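# Fold and contact review
Here is how the chains run, residue by residue.
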Amino acid sequence: KAGIPLGVMKVLDPRQLKPDSTETERILTVFDETIVKLEITRLIPRIIGSLERFARMLGPEIISSLLELQKLSMEIQDLLTSSGKVEKRRAVEQRLKCSLRNTLRLFLANPLLYHGLKYEVWVRESPADVFIKAFKEFRDFTLERLLTSPDEEKEKIQFMEDISLLVEKNMETMSAVQAELEAAIQTRDEEVNSKDKTIENLKTSMENLARDCKADIQQITKEGEKQQKEDEKASQDRCAKLEQDVLHLRAQFKALVLEHRASELVLRKEKCETEREIEKWVQKYDTDMAEKQATYEEIEAVYNEEKAQLALLMEKHALLLQEYTAIEEERRMLKEKAEEAAREAARRNDAATCIQAFWKGYLVRSIYKSKLKKGKGKGRGRGK
């Protein structure tokens, strides 16, 4: 691990990967919800088989939905065993799918119930577990592909190239061992040839000295044969060891080649699946953006039209405001004139009242004075 780059370590260990965007979190949410639905679907047959045990925990609504699901499952099984009635079977299959979706909605609406049942219900291992495990691995792989940056991808490629270089070095090592083996075999042959020549020379000497030292020659021959056998045995042991090393290195090389080919096939398959998934999401994104763009253009057109209408109304409002201001000013002036006229009329009325009062007083005083004068004149006449 010390020699593996950080980017490659992230790829090899998905637990170090964390979502870094809203789109990635949404995709992971879809995967997680699908995994939960698969696990609930895996538990449903066992729950249906023990409804009395889980009745209190599930509630009447879920029990009713499970009973309906059980009824539809039995009906679809009967239709599958019997021939014909394809349309009826399709209709029942559609109803079964709808019932299963409703049941999953009810379970998803109560997460605590699902987690409780997950530990209460015991289910044997089945092909569904293998599928769920594979789907989880696909989810981790998708997360890895979404969060793997170009630099990390380059590090991963560099890591694979380093492995290839390591394989090449192993091949070079094997070639060197093979060359060493051939050199050892050649050396052994040379030694054997040399010893054969020595034996021939000894035989010649033995023939020359047979008469004088037959016993010595026989002893020397035995020692030479014994030494030859020991050398041949040692050489054979060495050759066997070298051949065993070569076979071991070849087995290691084949194992590495098979392992890397399998990894390459898996990575290619995962890459193709991821590219198809990304293309699907890109198409969906383009479709959504096109719809939103059309909606935006419609709203913008309505907005521009209303803005133009608002400008016309503002112009009319400004004209009406000027007219209203002029009318108010005219009303104010008329009101001031009316008030001035009222004040003038009030002054005139006060003046007329005052004049009338003064005139009435003057008349009264005049009449009173004339009466006094007449009274005085009558008094004087009576005196006379």
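Residues numbered from 1 in each chain as written. Predicted model: local features only at pLDDT ≥ 70, side-chain atom pairs only at ≥ 80, totals over all residues. Heavy atoms only, no water.

Note the following rule: UniProt positions are given in the numbering used here, feature names are shortened, and annotations may be inferred rather than shown by experiment.
As recorded in an unreviewed UniProt entry, the protein goes by Dynein regulatory complex protein 10 and comes from Oriolus oriolus. Looking at the Subunit (unreviewed entry) heading of the UniProt record, one finds this comment for the protein: "Component of the nexin-dynein regulatory complex (N-DRC). Interacts with CFAP52." Quoted straight from UniProt, the Sequence similarities (unreviewed entry) entry for the protein says "Belongs to the DRC10 family."

### Some words on the overall build of the protein
For clarity, the cut-off: Put simply, DSSP H or I for four residues or longer makes a helix, DSSP E for two residues or longer makes a strand, and each gets a number counted from the N terminus. Under the scheme applied here, a residue whose accessible area is under 20% of the maximum for its type counts as buried, over 50% as exposed, and between as partly exposed, the area being computed with a 1.4 Å probe on protein chains only. Only heavy atoms matter for contacts: two residues are in contact if any of them lie within 4.5 Å across the pair. Accessible surface is estimated by sampling points in the Shrake-Rupley manner with a 1.4 Å probe; for residues, cover comes only from the protein chains shown.
What the protein contains, in helices and strands, is nine helices and zero strands. Each helix (α) and strand (β) of the protein, taken in turn from the N terminus, gives the series α-α-α-α-α-α-α-α-α. Across the 384 residues that make up the protein, the buried fraction comes to 18%. Sequence separation of at least 24 residues holds for 73% of the intrachain contacts in the protein that already meet a minimum separation of 6. For the protein, the exposed surface amounts to about 30300 Å²; the carbon and sulfur share of it is 56%.

### A few points about helix α2 (residues 22-49)
Worth spelling out the cut-off: A helix's residues, less one, multiplied by 1.5 Å, set its expected span. The angle between axes fitted to the seven-residue stretch ending at a residue and the seven-residue stretch beginning at it gives the bend at that residue.
Helix length check: α2 (28 residues) gives 41 Å between terminal C-alpha atoms against 40 Å at 1.5 Å per residue, within 8%. When the local axis directions of α2 are compared, the greatest deviation, roughly 35°, occurs at leucine 43, which is followed within four positions by the proline proline 45. Within α2 the residues assigned to the buried category are Thr24, Ile27, Leu28, Phe31, Ile35, Glu39, Ile40, Leu43, Ile44, Ile47 and Ile48.

### As for the packing of α2 against helix α4 (residues 60-81)
To keep things clear, this is the line we draw: Axes here mean lines fitted to C-alpha atoms, for a helix over just the part in contact, with angles spanning 0 to 180 degrees between N-to-C directions. Any angle that falls under 35 degrees is termed roughly parallel, while one over 145 is termed roughly antiparallel, one within 65 to 115 roughly perpendicular, and all others oblique. For this classification, the nonpolar set comprises Ala, Val, Leu, Ile, Met, Phe, Trp, Tyr, Cys and Pro, the charged set comprises Asp, Glu, Lys and Arg, and every other residue, Gly included, is treated as polar.
The geometry of α2 relative to α4 is characterised by a closest axis approach of 10 Å and an angle of 100° between their N-to-C directions. In terms of their interaxial angle, α2 and α4 are classed as roughly perpendicular. Within the contact between the two elements, α2 uses Ile44, Ile47 and Ile48 and α4 uses Leu66, Leu69 and Gln70. Per-class residue counts for the contact of α2 with α4 are five nonpolar, one polar and no charged.

### Comments concerning the packing of α4 against helix α5 (residues 86-108)
Heads up, the rule is: The hand of a helix crossing depends on one turn: near helix anticlockwise from the far one by less than a right angle means left-handed, and clockwise means right-handed.
Contact geometry of α4 with α5 gives a least axis separation of 9 Å together with a crossing angle of 155°. Considered as vectors, α4 and α5 are oriented roughly antiparallel to each other. Pair α4 / α5 crosses with left-handed handedness. Listed contacts from α5 to Glu61, Ile62, Ser65, Leu66, Glu68, Leu69, Leu72, Ser73, Glu75, Ile76, Leu79 and Leu80 of α4 are Lys88, Arg89, Val92, Glu93, Arg95, Leu96, Ser99, Leu100, Asn102, Thr103, Leu106 and Phe107. Residue composition of the contact of α4 with α5, grouped by class: 12 nonpolar, five polar and seven charged.

### Digging into the pattern of salt bridges
For the record, the criterion: Throughout this description, the term salt bridge denotes a Lys or Arg side-chain nitrogen within 4 Å of a carboxyl oxygen of Asp or Glu.
By the definition in use, this model includes 11 salt bridges. For the salt bridge of arginine 139 with aspartate 140, the shortest nitrogen-to-oxygen distance reads 3.4 Å. With relative accessibility at 18%, the residue arginine 139 sits in the buried group. With a shortest N-O distance of 2.5 Å, arginine 332 and glutamate 336 are connected by a salt bridge. Note that arginine 332 and glutamate 336 are positioned in helix α9 (residues 214-383) at a spacing of four residues, about one turn of the helix. According to the relative accessible area criterion, arginine 332 is partly exposed, its value standing at 38%. One network of salt bridges, in which partners are shared, links Asp32, Arg139 and Asp140.

### Description of the packing of aromatic side chains
The criterion, for reference: Here a Phe, Tyr or Trp ring, Trp counted by its six-membered ring, pairs with any other such ring whose centre lies within 6.5 Å, and the pair is stacked when the planes are under 30 degrees apart, edge-to-face when over 60, and tilted otherwise. Whether a charge lies above a ring is judged from NZ of Lys or CZ of Arg, which has to be within 6 Å of the ring centre and within 35 degrees of the ring normal.
Tallied over the entire structure, the rule returns two aromatic pairs. When the centroid spacing of 5.5 Å and the interplanar angle of 65° are considered together, the rings of phenylalanine 31 and phenylalanine 138 count as edge-to-face. Within this pair, whereas phenylalanine 31 is found in helix α2, its partner phenylalanine 138 is found in helix α7 (residues 127-147), the two being separated by 107 residues in sequence. One cation-aromatic arrangement involves arginine 365 over phenylalanine 358; the distance from NZ or CZ to the ring centre is 5.9 Å.

### Observations regarding the side chain of threonine 274
Mapped onto the secondary structure, threonine 274 falls in helix α9. Residue threonine 274 is classed as buried on the basis of its relative accessible area of 7%. Among residues more than four places away in sequence, those in contact with threonine 274 are Phe141 and Arg145.

### Things to note about the nonpolar core
Condition: Throughout this description, the term nonpolar core refers to a set of buried Ala, Val, Leu, Ile, Met, Phe, Trp, Tyr and Cys residues connected via side-chain atoms within 4.5 Å.
With 14 residues, the main nonpolar core has Ile44, Ile47, Leu58, Ile62, Leu66 and Phe107 as its most contacted residues. Sort the elements by how many residues they give to this core and α2 lands first, with five residues. Once residues within four sequence positions are removed from consideration, isoleucine 62 is found in contact with Leu106, Phe107 and Leu113. Counting residues in hydrophobic clusters, the runner-up holds five residues, among them Val177, Leu181, Ala184 and Leu242.

### Concerning α4
Taking 1.5 Å per residue as the helical rise, α4 with its 22 residues ought to reach 32 Å, and the 32 Å between its terminal C-alpha atoms agrees with that figure. Buried within α4 we find Ile62, Ile63, Ser65, Leu66, Leu69, Leu72, Ile76 and Leu79.

### What about the confidence of the model for the protein?
Predicted coordinates in regions of low pLDDT should not be interpreted in detail. Which entries qualify depends on this criterion: Per-residue confidence from the prediction method is given by pLDDT, with values spanning 0 to 100.
Confidence in the prediction for the protein averages 78 pLDDT; 83% of positions are at 70 or higher. By mean pLDDT, helix α1 (residues 6-12) is the weakest element of the protein at 43, and α9 is the strongest at 85. A low-confidence stretch, residues 1-19 (pLDDT under 50), is modelled with 28 contacts involving residues beyond four sequence positions or located in other chains.

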